[in-house]
Amino acid sequence: MGAKTQVPAVEGWFTTGAAPRLIGSRCTTCGTRYFPRRSMACADPACAGTEFEDVELSRTGRVWSFTDNRYQPPAPYVSPDPFVPYLIAAVELDDEKIVVLGQVVPGVDASSLKVGAPMELAVDTLFEDDDNEYLVWKWQPAGAAR
């Protein structure tokens with residue numbers, strides 16, 4: 001059997017490659033940046049902007065909060081069988097100061113994470129089927145080899 005095709009689990013939310021980035025939007029009126037993208041109206045109450053442009057967001061940030069997920073999420077989440085617990089981190093992006101939630105790459109222990117610890121974006125497998133490997137953004141400690 002040949003190699004599986006790698007595809008984003010959520011199309012258009014992140015780039016892949018050696019230096020992946022989240023794709024957000026920026027209000028063209030006030031400059032406020034968002035993740036995930038916005039398309040209707042700026043959430044800044046002082047802005048009446050309704051036009052946005054796609055922007056790549058910071059790929060680094062600091063742990064704002066984290067938890068160890070020990071319970072299998074309900075459908076439509078696709079879990080391995082048997083379920084394998086994983087860490088989730090809320091990371092405040094360095095430049096935008098937006099807090100983005102994501103899984104932490106496998107192999108990182110909860111005891112090694114601390115609020116304020118530097119993190120960087122990674123792309124990793126969320127799940128696989130017979131043909132494809134579905135990728136999603138995850139967080140890893142800054143400078144960690146993958």
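Structural notes, computed from the coordinates. Quantities reported herein were computed from a predicted structural model and do not represent experimental measurements. Sequence order as written defines residue numbering, which begins from 1 separately in each chain. For a predicted model such as this one, the threshold for reporting local features is a pLDDT of at least 70, and the threshold for listing and counting side-chain atom pairs is 80 or more; totals across whole chains, interfaces and linings nevertheless cover every residue. Each side-chain value is worked out from all heavy atoms of the structure, with water and hydrogens disregarded.

1. Focus: the overall build of the chain
Link 1 in the chain: If you tally the helices and strands in the chain, you get zero helices and nine strands.
Link 2 in the chain: Where helices and strands are cited, they refer to DSSP runs of H or I of at least four residues and of E of at least two residues respectively, numbered from the N terminus. What you see in the chain, going N to C, is helices and strands ordered as β-β-β-β-β-β-β-β-β.
Link 3 in the chain: Here the chain holds 146 residues, and the buried ones make up 38% of them.
Link 4 in the chain: Whether two residues are in contact is decided by their heavy atoms, any of which lying within 4.5 Å being enough. For the chain, long-range pairs separated by at least 24 residues make up 52% of all intrachain contacts whose partners lie at least 6 apart in sequence.
Link 5 in the chain: Of the roughly 8,600 Å² of accessible surface on the chain, 52% is carried by carbon and sulfur atoms.
Link 6 in the chain: Counting rule for charge: Lys and Arg are taken as positive, Asp and Glu as negative, and neither His nor the chain ends is counted. By convention, charge coordinates are those of NZ in Lys, CZ in Arg, CG in Asp, or CD in Glu. The averaged location of the 20 negative side-chain charges in the chain is 6 Å from the averaged location of its 13 positive side-chain charges. Exposure is judged per residue with a 1.4 Å probe applied to protein chains only, and the accessible area is read against the type maximum: over 50% gives exposed, under 20% gives buried, and values in between give partly exposed. For every accessible area listed, the method is Shrake-Rupley and the probe measures 1.4 Å; residues are considered covered only by the protein chains on display.

2. So, the nonpolar core
Link 1 in the chain: Counting 24 residues, the largest nonpolar core has L22, V100, V104, M119, W137 and W139 as the members making the most contacts within it.
Link 2 in the chain: Among the secondary structure elements, those contributing two or more residues to this core are β6 (86-93), β7 (99-104), β8 (118-128) and β9 (132-141).
Link 3 in the chain: Here the nonpolar core consists of buried residues drawn from Ala, Val, Leu, Ile, Met, Phe, Trp, Tyr and Cys, with membership extended through side-chain atoms lying within 4.5 Å. Listed in part, the five residues of the second largest apolar core include C27, Y34, C47 and F52.

3. Examining the state of the cysteines
Linking two cysteines covalently via their sulfur atoms produces the bond known as a disulfide.
Link 1 in the chain: In this description, a disulfide is simply a cysteine sulfur pair whose atoms lie within 2.5 Å. With the rule as written, the count across this model stands at zero disulfides.
Link 2 in the chain: Free cysteine C47: the closest other cysteine sulfur is in C30, separated by 3.7 Å.
Link 3 in the chain: In this structure C47 comes out as buried when scored by relative accessible area, which is 12%.

4. As for the packing of aromatic side chains
Link 1 in the chain: The pairing test for Phe, Tyr and Trp rings, Trp by its six-membered ring, is centres within 6.5 Å, and the orientation test on the planes gives stacked under 30 degrees, edge-to-face over 60, and tilted for anything in between. Evaluated as defined, the whole model comprises eight aromatic pairs.
Link 2 in the chain: Note on Y34 and F52: the rings are 6.3 Å apart at their centroids and 75° apart in plane angle, and the pair reads as edge-to-face. In this pair, Y34 is assigned in strand β3 (residues 33-34) and F52 in strand β4 (residues 52-56), connecting sequence segments 18 residues apart.
Link 3 in the chain: An aromatic cluster is defined as three or more aromatic residues linked by ring pairs; in this entry it consists of W13, F14, F35 and W137.
Link 4 in the chain: By the criterion adopted, a ring carries a charge over it if an Arg CZ or a Lys NZ lies within 6 Å of its centre and within 35 degrees of its normal. The ring of Y34 has R38 lying over it, and the distance from NZ or CZ to the ring centre is 5.1 Å.

5. Side note on the side chain of S25
Link 1 in the chain: Topologically, S25 is positioned in strand β2 (residues 23-27).
Link 2 in the chain: Given a relative accessible area of 1%, S25 falls into the buried group.
Link 3 in the chain: One polar contact links the side chain of S25 to the main-chain amide nitrogen of R38, over a distance of 2.9 Å.
Link 4 in the chain: Beyond its immediate stretch of four places on either side in the chain, S25 contacts T32, R33, Y34, R37, R38, F52, E53, D54 and V55. Under this definition, polar contacts are N or O atom pairs within 3.5 Å; protein pairs additionally need one hydrogen-donor-capable and one acceptor-capable atom, and for neighbouring residues in sequence, both atoms have to be side-chain atoms.

6. Observations regarding unusual backbone geometry
Among all residues except glycine, the phi angle is most often negative; among peptide bonds, the trans geometry is most common.
Link 1 in the chain: Cis geometry marks the peptide bond from F35 to P36; its omega dihedral reads -5°.
Link 2 in the chain: Within the fold, P36 resides in the loop between β3 and β4.
Link 3 in the chain: Looking along the chain, the bond that leaves A75 and enters P76 is cis, with omega of 20°.
Link 4 in the chain: With respect to the secondary-structure elements, P76 resides in the loop between β5 (60-69) and β6.
Link 5 in the chain: A positive phi angle, near 65°, is found at K97, a position not held by glycine.
Link 6 in the chain: Checked against the element boundaries, K97 lands in the loop between β6 and β7.

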